Amino acid sequence: MEHGLTLQFPLRVKESIKTGLAMALACGIAMGLGWTNPYWACIAVAMVSLPTVGESLNKSVQRLGGTLVGGMFGLLILGLFPQDRWIFIACLSLYIGLCAYRMTVSRFTYFWFISGYIAVLLATTVGTSPQHEFNTAVLRILETGLGIIVYALVSVFLWPQHSAHDLKLLLKTLLGVQTKILKHYFSLKLRSDAANYAEPGYSLEALLVAQLKRRVDAAELEQLEIYETRDWWRRLVTQFQALMEAMEVWHESFPALHQINLEEMLPTLPAVNEALGLRFEHLSDIVDGTPSKQESTSVKLAVDNERLRTLSHFQRAAVLNTHAALEQIEAISRSMVESLLAIMDHRRKMFLPPRNPAPIIARQSDPDSFAAVVRAMTAVVLAALTWIYVDPPGHSMFLVFVVVHVLLGIMTPQIKWGIFLFANITGIILAGILYVFVMPSISGYIELFLLLFVLTSTICYAFYDPRLTMLKLGGLVPFVLLTNMQNNQTYDFCTFSNNAVSMLMGILCATAIFHIPFSPRPEKMFLRVTARYFRQACQFMSLLDTNPERSKRDVRMLSALSAMQSSAGKIGGWANSVNYQAFPANPPEKSAALVKSLNTITYRFMMLADAGNRSQPLWKYFSEDIRAWRRAIEELLQSLARDPLHAGAESGRQSGLGTKLVHLENRIEETFQTLSGALEDEGYVNAYHLLGGLRGIYEALAEHAALSTDFKWERWRESSF
Amino acid sequence: MLSAPSEVNIGGVYFPPLFLAGGLGLLTTYLVVKLLTRFRLSRYFASPPLVFLALMVIFSGLIETFFIVG
């Protein structure tokens, strides 16, 4: 259908108008149907309004599911313990604790958040009869569904933004970035400069991979075509992640290759470079829908064993590690072709992707998960006791507000409570002005529609940036909740102010609870999670069993490695939240360098894990030396875990560790010289991988210790408000 | 004879005195805490959150006693 006049609005304006329109319509429909509490539909609209249809649907499904499950639980405990308040509070706190725990380990964080919130909302809605509670639960589900459906329809028919359209563009962008990074790494090794030029590329790459995962999750709900090939899409996302890690693992080995002419050792390296370049072009062509071009062929990466023998054993290890990394990159890129062809080609998509033999480690629980449980249960108990013995403003709503804000804090750990409180105060003042001076003069739905539309659109426009979501909600939610829009509207400023105070007290109590059991300040969390990271690294080292007979992948080792990756990610998040203006001695660049160093250590551990999983028939010749060296590393990691502050002091021990390493290397040199096996023997190759992995760990820890020496840890450890 | 606190009348809207005292006490505590942090005096406290809570109670009590007249 062509339009004579096309209005072109910026995306920000479109999204704001859509949200405002959906909110006003949802409220009107709920009122038209005679439902009480139509503002519940408005809240559903405010919560599920996201930029693309797929993302909104994803969140909507979680919200509806959470409402159902939470509602059922709320009704259950009301039915079981109507007159036993202590058991009632105990059961409620256990369920909220479970929801808090699941929020930290499940993919469906928002589902568990809503489940906990609705459970406490319905459980505390004490009416005159059981039918009242049931009706409330059903109404809540209905109005949530109404809000979701209204927003879905508005976003589908009015300026729809599809995740699926962006997927192709995102794939091409990601392939472009990875091609660029790979070309740069090859150029570093085929020339000899070693600048860290590709670092910004890696950050962008990680961002794009995370974005791809989110878009695929959203697009599955949006387009049937993507839903049908969802297994292949998920496999593709995993492959992009694996490719990113493989390239970084290779990049981590560059310092060890410093004085080696890699082209001499790996004569077909330029051909492999070219072949991989063609492979990535082929991938891009498949995304464009032109896969008919000649498929790139694989080039075997050969090793010149004669030249390799002229190197020291550790240099040989570095070269062979590079060989393994490049073979892995080649294998991953080849399997990406298969995945993309299956996605784009209708004939292939009917086949399921091959099963991934490696166990998938889900998000693991860590001390933060248990802290979340403690906080959530404490919130329920304290708020319930306050409700019973003090009867604060808002009465039962005080319990709801405390719990929902604690759960919100668990969902967004880096929330700035002061700013959030200020946003809510501002929202309450705005709501109060509208409630007292504007709403009493509204006589019909049209005027209410205009008020809701203008207010919602303005707030959404002002806080469109996803980083300002908390401020957006702080402006919208107080108005929607406190004005209590009904068909038969009444005005009671006493109730308004009581609920407003209850809301603010809930935020203050949640802020206080978040200091149990430890401070949530970003710099304190940085220190805490860094110590945890080194404990996890120590656990990994203790599991590193270089038994030559063991060839199966140890799930515990994967679990420890996954925990380290998770901790490194959290440390990066906390580093971004620190208020560096308060700590001028530690500028953001220093903490960014520390975070990068921890990521490097993680990649070195990944290399070591890969090496440790290979069979080691030559183990018996140098097992004692490696065990001694491993024990020394474990001691260092334990001291770093106990007190990262003195990582610099540990640098004195590095020389002892360095001496051990030199001794080990000398012994290995002697041992290999007495052996008469050929270099291409798998045993030698695997031994070199292991030695390279151990050396990589040592170098990464030494670099981290040097960075730690330069960091003013005392300021971050000081008590502060 | 002690005067009992009664509602505070602001523009015809009656507020409980504890509400105003608590609000002003929170604001005062926040400002004091900012100063303590600014001059690094907070490092002498073992548990700053408890100090915050204590200051809030103290300031709320003082404000209600001396400024909010019953």
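Residues numbered from 1 in each chain as written. Chains lettered and ligands numbered in written order. Predicted model: local features only at pLDDT ≥ 70, side-chain atom pairs only at ≥ 80, totals over all residues.

Engineer: Explanation requested: the overall build of chain A in the structure shown.
Structural biologist: The helix and strand tally for chain A stands at 27 helices and zero strands. By sequence separation, contacts in chain A at least 24 residues apart represent 82% of the contacts at least 6 residues apart. (Helix = DSSP H or I, 4+ residues; strand = E, 2+ residues; numbered from the N terminus. Contact = placed C-beta atoms within 7 Å.)

Engineer: Sorry, what's going on with the overall build of chain B here?
Structural biologist: A count of helical and extended segments in chain B gives two helices and two strands. Along chain B, helices (α) and strands (β) appear in the sequence β-β-α-α when read from the amino end. On C-alpha atoms alone, chain B measures out to a radius of gyration of 15 Å, which is more than a quarter above the 11 Å that the 2.2 N^0.38 rule sets for 70 residues. On the principal axes, the C-alpha backbone points of chain B span a range of 45 × 30 × 15 Å. A total of 70 residues make up chain B; the buried ones form 14% of that total. The contacts of chain B with a sequence gap of at least 6 include a subset with a gap of at least 24, amounting to 67%. (Rg over C-alpha atoms; globule rule 2.2 N^0.38 Å. Buried ≥ 20, exposed ≤ 12 C-beta atoms within 10 Å, placed from the backbone.)

Engineer: Explain the domain arrangement of chain A here, please?
Structural biologist: A common way to express how large an interface is: the accessible area buried when the components associate. Residue and element names in this part refer to chain A. Domain annotation for chain A reports domain 1 (11-161 + 365-513), domain 2 (163-222 + 230-344) and domain 3 (522-717). Listed as interface residues are 19 residues of domain 2 and, on the opposing side, 19 residues of domain 3. Of all the secondary-structure elements, those providing two or more residues to the side of domain 2 that touches domain 3 are α10 (230-252), α13 (305-308) and α14 (313-344). For the side of domain 2 that touches domain 3, the element with the most residues is α14, which contributes eight residues. Taken together, the residues that form the side of domain 2 that touches domain 3 break down as nine nonpolar, five polar and five charged. (Domains from an automatic or database assignment. Nonpolar A, V, L, I, M, F, W, Y, C, P; charged D, E, K, R; others polar.)

Engineer: What is the right way to read the interface of chain A and chain B from this model?
Structural biologist: Taken together, the contact between chain A and chain B spans seven residues of the former and 11 residues of the latter. The residue makeup of the side of chain A that touches chain B, split by class, is three nonpolar, three polar and one charged.

Engineer: What should I look at first to understand the packing of helix α15 (residues 367-389) of chain A against helix α16 (residues 396-411) of chain A in this one?
Structural biologist: For any two helices packed against each other, one specifies the inter-axial angle together with the distance between the axes. Residue and element names in this part refer to chain A. Two numbers describe how α15 lies on α16: the axes approach to 8 Å, and their chain directions differ by 165 degrees. Accordingly, the angle class assigned to the pair α15 and α16 is roughly antiparallel. When you trace α15 past α16, the crossing you get is right-handed. Residues A372, R375, A376, A379, V380, A383, A384, T386 and W387 of α15 form the contact with α16, whose own contacting residues are S396, F398, L399, V402, V403, V406, L407 and I410. A per-class count over the contact of α15 with α16 returns 14 nonpolar, two polar and one charged. (Axes fitted to C-alpha atoms, helices over the stretch in contact; angles between N-to-C directions. Parallel < 35°, antiparallel > 145°, perpendicular 65-115°, else oblique. Left-handed = near helix turned anticlockwise from the far one by under 90°.)

Engineer: It is not clear to me how the packing of α16 of chain A against helix α20 (residues 493-513) of chain A should be interpreted in this structure. Could you clarify?
Structural biologist: Residues and elements named next belong to chain A. The geometry of α16 relative to α20 is characterised by a closest axis approach of 8 Å and an angle of 45 degrees between their N-to-C directions. The angle between α16 and α20 falls in the class oblique. Crossing geometry of α16 relative to α20 is assigned as right-handed. Residues M397, F398, F401, V402, H405, V406 and G409 of α16 form the contact with α20, whose own contacting residues are N499, S502, M503, M505, G506, I507, C509, A510 and I513.

Engineer: How should I be thinking about unusual backbone geometry in this particular structure?
Structural biologist: Working note: non-glycine residues mostly have negative phi, and peptide bonds are mostly trans. Look at D391 of chain A: it is not a glycine, yet its phi comes out positive at around 55 degrees. The backbone of R40 of chain B sits at a positive phi, close to 60 degrees, despite the residue not being glycine. Mapped onto the elements, R40 of chain B comes out in the loop between α1 (17-38) and α2 (48-66).

Engineer: Could you clarify how one ought to interpret the nonpolar core in this entry?
Structural biologist: Burial of nonpolar side chains together is a common tendency in soluble globular proteins. All names here are of chain A. Residues M247, A537, F540, M564, I571 and F605 are the most contacted members of the largest nonpolar core, which totals 107 residues. It is α14 that contributes the most residues to this core, 12 residues altogether. In this structure, this core is formed jointly by two domains, domain 2 (163-222 + 230-344) and domain 3 (522-717), each of which donates at least three residues. Leave out the neighbours within four places in its chain, and A537 touches M564, F605 and L637. Membership of the second largest hydrophobic core comes to 97 residues, among which are A24, M47, L122 and A379. (Core = buried A, V, L, I, M, F, W, Y, C linked by C-beta atoms within 7 Å.)

Engineer: What exactly am I supposed to notice about helix α22 (residues 555-577) of chain A here?
Structural biologist: The periodicity of an α-helix, 3.6 residues per turn, causes residues three or four places apart in sequence to face the same way. Residues and elements named next belong to chain A. Here α22 spans 33 Å end to end across 23 residues, near enough to the 33 Å set by a 1.5 Å rise per residue. Those residues of α22 not exposed but buried are M557, A560, L561, A563, M564, S567, A568, K570, I571, W574 and A575. Packing partners of the buried residues in α22 comprise α21 (522-543) and α23 (588-612). (Expected span 1.5 Å × (residues − 1).)

Engineer: What should I look at first to understand the confidence of the model for chain A in this one?
Structural biologist: The predicted coordinates of low-pLDDT regions are not to be read in fine detail. Residues and elements named next belong to chain A. Model confidence for chain A is summarised by a mean pLDDT of 83, while 88% of its residues fall at 70 or above. The secondary-structure element of chain A with the lowest mean pLDDT is helix α25 (residues 647-674), recorded at 66, while helix α4 (residues 85-105) shows the highest, at 95. In the model, residues 194-198 has pLDDT below 50 throughout and makes six contacts with residues more than four positions away in sequence or in other chains. (pLDDT = per-residue confidence, 0-100.)

Engineer: Even after reading the chapter, I still don't get helix α12 (residues 269-288) of chain A, so can you show me in this structure?
Structural biologist: Residues and elements named next belong to chain A. Taking 1.5 Å of rise per residue, the 20 residues of α12 would be expected to cover 28 Å, and the 29 Å separating its terminal C-alpha atoms lies within 8% of that figure. Listing the buried residues of α12 in full gives L269, V272, L276, R279, F280, H282, L283, I286 and V287. In a view along the axis of α12, the buried residues occupy a sector of 155 degrees, so they form one face of it. Looking one or two residues beyond α12, the residue adopting positive phi is G289, at roughly 90 degrees. (Arc of directions from axis to C-beta.)

Engineer: Whenever I open this one, the environment of Q414 of chain A confuses me. Can you help?
Structural biologist: Residues and elements named next belong to chain A. Along the chain, Q414 falls in the loop between α16 and α17 (417-438). For the pair Q414 and I96, spaced 318 residues apart in sequence, the C-alpha separation works out to 21 Å. Not counting residues within four places of it along the chain, the set of residues in contact with Q414 comprises P522, G573 and S577.

Engineer: Just checking my understanding: could you explain the environment of P413 of chain A for this structure?
Structural biologist: Within the secondary structure layout, P413 of chain A lies in the loop between α16 and α17. P413 of chain A gets classed as partly exposed once you count the C-beta atoms within 10 Å, which come to 18.

Engineer: I'm lost on the environment of L544 of chain A in this one. Help?
Structural biologist: Residue and element names in this part refer to chain A. The residue L544 is located in the loop between α21 and α22 in this model. Each C-alpha atom, one on L544 and one on R630, is 8.9 Å from the other, the two residues being 86 residues apart in sequence. Not counting residues up to four positions away in its chain, the partners in contact with L544 are M557, L608, G612 and R630.

Engineer: For this particular structure, what's the right way to read the confidence of the model for chain B?
Structural biologist: Residue and element names in this part refer to chain B. Summarising the model, chain B shows a mean pLDDT of 86, and 90% of its residues fall at 70 or more. Across chain B, the secondary-structure element scoring lowest on mean pLDDT is strand β2 (residues 13-15), at 79, and the one scoring highest is α2, at 92. Reported confidence for the predicted complex is 0.88 by ipTM and 0.86 by pTM.

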